[in-house]
Amino acid sequence: MEQEDRTIFHVDVNSAFLSWSALKRLEEEPGSVDLRTIPSAVGGDVKTRHGVITAKSIPAKKYGVQTGEPVVKALQKCPQLVLVPSDFETYRKYSHALMEILAKYTPLLQQMSIDEAFLDLTDRIRPQDREGALVLARQIRDTVREQLGFTVNVGISTNKLLAKMASDFQKPDRTHTLYPEEVPAKMWPLPIGDLYGCGKQTAQKLLLVGINTIGDAASADLALLQTVLGEKSGLHIHNSANGISRSKVTPEREQAKSVSNERTLSVDIDRDNYQTEGLPVIHRLSEKVAARLQKAGLVGQTVTFQVKSADFDRYSRQTTLSNMTDRAEEIEATALYLAGQLLNGPDGLFEKGISIRLIGVGVSRLTEKQMQQLDLFAWAEQNEEEEKKRQAAKARQAKLNAMMEQINGRFGSGTVKKGE
Ligand SMILES: [Mg+2]
């Protein structure tokens, strides 16, 4: 089946978290050093130097500092590395501003993670108009740099897969094309693990059968790939390695703005019965909201606690978490904190003698969980988890060794005793 050619751009922010942290710092302390120009990195706990690197500057990259590696290791490679903490609030702000600019070029915009998006520009630029595509890519890069102060790479091709691969070529502030006819020269020499959609485990399986480059996979027997990876994955890798992808740019569906639940109480609540009547309701509402978020595949960042007084006035308090959540316990804990302020605080409703008859719990600032998982934060956390598991396994092994030694020792002395 022949692919229908489209004009697809993949726009990807260069060292997104690092660039955005650098901009924030320049905004707060004008004249301070631009983090992008020195060896610097975002990640972990800056004071305790735990955790992993989630982004690094280009000068830091020259020292071999890698995204996903423990902070301690990065500091060994580059002792003068300047570390800054993650700042999700700022990242969301810049991400939003970027998507607003990109949306002006086409409604066919698909945000893939916090710092990257696909644009289907076929209506503006015919796939044959390669010069036109380059001009438009330059325009997008210039607009982002001038209006927002950070740089992006633009990858251009006739499908999403190749556009994505292209944007990953040399950085920063570059446009690259990877048209189907350029695949043998530009994509086939790359290591198989660089193929978009080829995870670590898949790459490892392929390396075992001698498939080292994307070109090796492209020319490999489909049956071999399917034996090693399974029918579906084998076909997918074979197609991808040959630059074939039929995935469409799908604009985000109109999302729910918030998920909330409320409940009218059987009795009015005041300070005296808050513990017995109020707390169980907050618990159940939090569970309901979490279940609805999970079912819709959404996570949210702002939690709202709301009440209606016995004389029908509405009051609410809300707070924004540093992370996204769909967890009942986290929503409940936050709602309880807000309830404490709104009801029981020194200026609280109970203090003023106001009783309540309705309670509501809600979560807003929603994002699709899929997208959340794609972003680097989640990825880095996952790496951190794996690192923890490795450390735990090491510790277990060491303990086991020590025990074995002890047992051997005891067994030895026991034998001696027996002879006594
Ligand atoms: Mg990026």
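Before any of the text, the structure's been laid out above.
Report on the accompanying structure. (Residues numbered from 1 in each chain as written. Predicted model: local features only at pLDDT ≥ 70, side-chain atom pairs only at ≥ 80, totals over all residues.)

Considerations on the overall build of the protein
Then step 1. When helices and strands are tallied, the protein shows 15 helices and twelve strands.
Then step 2. Within the protein, the fraction of its 420 residues that count as buried is 34%.
Then step 3. In the protein, the proportion of contacts linking residues at least 24 apart, taken out of those at least 6 apart, comes to 60%. (Helix = DSSP H or I, 4+ residues; strand = E, 2+ residues; numbered from the N terminus. Buried ≥ 20, exposed ≤ 12 C-beta atoms within 10 Å, placed from the backbone. Contact = placed C-beta atoms within 7 Å.)

Examining the nonpolar core
Then step 1. One finds Phe9, Ala41, Leu119 and Ala217 to be the most contacted residues of the largest nonpolar core, which totals 61 residues.
Then step 2. In contact with Phe9, other than residues within four places in its own chain, are Leu119, Leu121, Ala137, Val154, Gly155, Ile156 and Ala163.
Then step 3. Ranked by size, the runner-up nonpolar core spans 24 residues in total, among them Leu298, Phe305, Ala339 and Leu349. (Core = buried A, V, L, I, M, F, W, Y, C linked by C-beta atoms within 7 Å.)

What about the environment of Asp45?
Then step 1. Its place among the elements puts Asp45 in strand 2 (residues 40-45).
Then step 2. The class for Asp45 is exposed, based on 12 C-beta atoms found within 10 Å.
Then step 3. Among residues more than four places away in sequence, those in contact with Asp45 are His50 and Gly51.

What to know about the packing of helix 1 (residues 16-28) against helix 4 (residues 88-103)
Then step 1. Packing of helix 1 against helix 4 brings their axes to within 10 Å, and their N-to-C directions diverge by 100°. Judged by the angle between their axes, helix 1 and helix 4 are roughly perpendicular. Mapping the contact onto sequence places Phe17, Trp20, Ser21 and Lys24 in helix 1 and Thr90, Tyr91 and Tyr94 in helix 4.
Then step 2. Along the lines of polarity and charge, the residues of the contact of helix 1 with helix 4 split into four nonpolar, two polar and one charged. (Axes fitted to C-alpha atoms, helices over the stretch in contact; angles between N-to-C directions. Parallel < 35°, antiparallel > 145°, perpendicular 65-115°, else oblique. Nonpolar A, V, L, I, M, F, W, Y, C, P; charged D, E, K, R; others polar.)

Describing the sheet that holds strand 2
Then step 1. Strand order in the open sheet formed by three strands is 3-2-4, with mixed pairing between adjacent strands. Lying at the two open borders of the sheet, with one neighbouring strand each, are strand 3 (50-56) and strand 4 (82-84). When strand polarity is set aside, the average angle formed by the axes of neighbouring strands in this sheet is 40°.
Then step 2. By the bridge criterion, four bridges tie strand 2 to strand 3 in an arrangement that is antiparallel. Counted as the bridge partner of Val42 is Ala55 from strand 3. (Pairing = 2+ DSSP bridges.)

What about the sheet that holds strand 10 (residues 298-309)?
Then step 1. Read from one edge of the open sheet, four strands run 9-12-10-11, paired in antiparallel fashion. Both edges of this open sheet fall to strand 9 (258-269) and strand 11 (314-325), since each of them pairs with a single strand only. Neighbour to neighbour, the strand axes of the sheet diverge by 15° on average, direction disregarded.
Then step 2. Bridge analysis of strand 10 against strand 12 (residues 356-368) gives eleven bridges, and the strand direction is antiparallel. Among the inter-strand pairings, Leu298 is bridged to a residue of strand 12, identified as Glu368.
Then step 3. Where helix 13 (residues 328-344) meets the sheet, it contacts strand 10, strand 11 and strand 12, and its direction lies at approximately 145° from that of strand 11.

Quick notes on helix 6 (residues 160-167)
An α-helix turns once per 3.6 residues; consequently, residues spaced three or four apart project the same way.
Then step 1. The buried fraction of helix 6 is high, at eight of eight residues.
Then step 2. Within helix 6, the full set of buried residues consists of Lys160, Leu161, Leu162, Ala163, Lys164, Met165, Ala166 and Ser167.

Quick notes on helix 11 (residues 231-241)
Then step 1. By the burial criterion, the buried members of helix 11 are Gly234, Ile237, His238, Ser240 and Ala241. Buried residues of helix 11 fall within an arc of 165° about the axis and therefore sit on the same side. What points out from helix 11, more than 90 degrees from its buried face, is the exposed set Glu231 and Lys232.
Then step 2. Residue Gly243 follows helix 11 closely and has a positive phi angle near 80°. (Arc of directions from axis to C-beta.)

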